[in-house]
Every structure is written in C-alpha cells, then in structure tokens.
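Each chain, letter by letter, is given below.
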Amino acid sequence: MRLTSKLVWAATNWIAGCRGWKVEDGKEDWVLDVEDMGTVDERGENRNTAKSEEEVWAVKTLERNMATFLGLVGDATP
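Structure report, in brief.

Here we look at the overall build of the protein chain
Next up, step 1: Assigned secondary structure in the protein chain consists of two helices and zero strands.
Next up, step 2: When each of the 78 residues of the protein chain is scored for burial, the buried share is 21%.
Next up, step 3: Looking at the protein chain alone, contacts between residues at least 24 apart form 65% of all its contacts between residues at least 6 apart.
Next up, step 4: Accessible surface computed for the protein chain: about 6,400 Å², of which carbon and sulfur atoms make up 56%.

Here you go:
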C-alpha cells in the first residue's frame, strides 16, 4: 500500500507518454465539472470537444475517463 501513490503516478506518466499527453504540474487545483463534460464516445473522448491541436492534460483526462467508467457522469454509448 505504501507504494500505491508512486505506482499510480508512474502509470499516469507512462500513459501520458504513450498518448502524447501533457502531465499537469500539480500547482493548480481543479474540480471535475460533471455538468460541463457533455457526453463521451466509446473511446471515452468528449463528443462536445472539437478535435484540434489543443493540449490534452493526462490527469484531467484520466479522471474524466474513470468517472465515466464508474457511471458517475456521461453516457459512453455512441
């Protein structure tokens, strides 16, 4: 259990590296805004966000995906 935080952080960095996402520096606080999330597709991507060259932030994206997976927000059906 002592290593859980380090292992989760290592996994976050690994996923971010594989996907080309940026990793937040931890200096800013945020709250998952379920009202602003809209719906997500089968890949967990927000349908309301236009595809662009915008930066993708790893922790926020993983948090949104986990909340969707747990059924806390959104609908993952196409």
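Description of the side chain of Glu24
Next up, step 1: Positionally, Glu24 belongs in the loop between helix 1 (4-19) and helix 2 (58-69).
Next up, step 2: Within polar-contact distance, the side chain of Glu24 engages the backbone nitrogen of Lys60 at 3.1 Å.

Let's talk about the packing of helix 1 against helix 2
Next up, step 1: Look at helix 1 against helix 2: their axes get within 10 Å of each other, and the N-to-C directions meet at 105°. In terms of orientation, helix 1 lies roughly perpendicular with respect to helix 2. Mapping the contact onto sequence places Trp9, Thr12, Ile15 and Ala16 in helix 1 and Ala58, Val59 and Leu62 in helix 2.
Next up, step 2: A class-by-class count of the residues in the contact of helix 1 with helix 2 yields six nonpolar, one polar and no charged.

Brief notes about a nonpolar patch on the surface
Next up, step 1: Taken together, Met66, Phe69, Leu70 and Leu72 make up a surface patch of nonpolar side chains, about 500 Å² in accessible area.
Next up, step 2: Locating Leu72 in the fold gives a position in the segment after helix 2.
Next up, step 3: For Leu72, a relative accessible area of 61% puts it in the exposed group.

Regarding the environment of Trp9
Next up, step 1: Looking at the element boundaries, Trp9 is found in helix 1.
Next up, step 2: For Trp9, a relative accessible area of 42% translates into the label partly exposed.
Next up, step 3: Not counting the four nearest positions on each side in its chain, Trp9 is found in contact with Val23, Glu24 and Val59.

Examining helix 1
Next up, step 1: Taking 1.5 Å of rise per residue, 16 residues should cover 22 Å, and helix 1 covers 22 Å from first to last C-alpha, within 8% of that figure.
Next up, step 2: Immediately downstream of helix 1, the backbone of Gly20 shows phi near 80°, a positive value.

The rules behind the values
- Residues numbered from 1 in each chain as written.
- Predicted model: local features only at pLDDT ≥ 70, side-chain atom pairs only at ≥ 80, totals over all residues.
- Heavy atoms only, no water.
- Helix = DSSP H or I, 4+ residues; strand = E, 2+ residues; numbered from the N terminus.
- Buried < 20%, exposed > 50% of the residue type's maximum accessible area, 1.4 Å probe, protein only.
- Contact = heavy atoms within 4.5 Å.
- Areas by Shrake-Rupley, 256 points an atom, 1.4 Å probe, with all protein chains shown as cover.
- Polar contact = N/O pair within 3.5 Å; in protein donor to acceptor, adjacent residues only side chain to side chain.
- Axes fitted to C-alpha atoms, helices over the stretch in contact; angles between N-to-C directions.
- Parallel < 35°, antiparallel > 145°, perpendicular 65-115°, else oblique.
- Nonpolar A, V, L, I, M, F, W, Y, C, P; charged D, E, K, R; others polar.
- Patch = residues over 30% accessible without salt bridge, like charges linked within 9 Å, V, L, I, M, F, W, Y side chains within 5 Å.
- Salt bridge = Lys/Arg side-chain N within 4 Å of Asp/Glu carboxyl O.
- Expected span 1.5 Å × (residues − 1).

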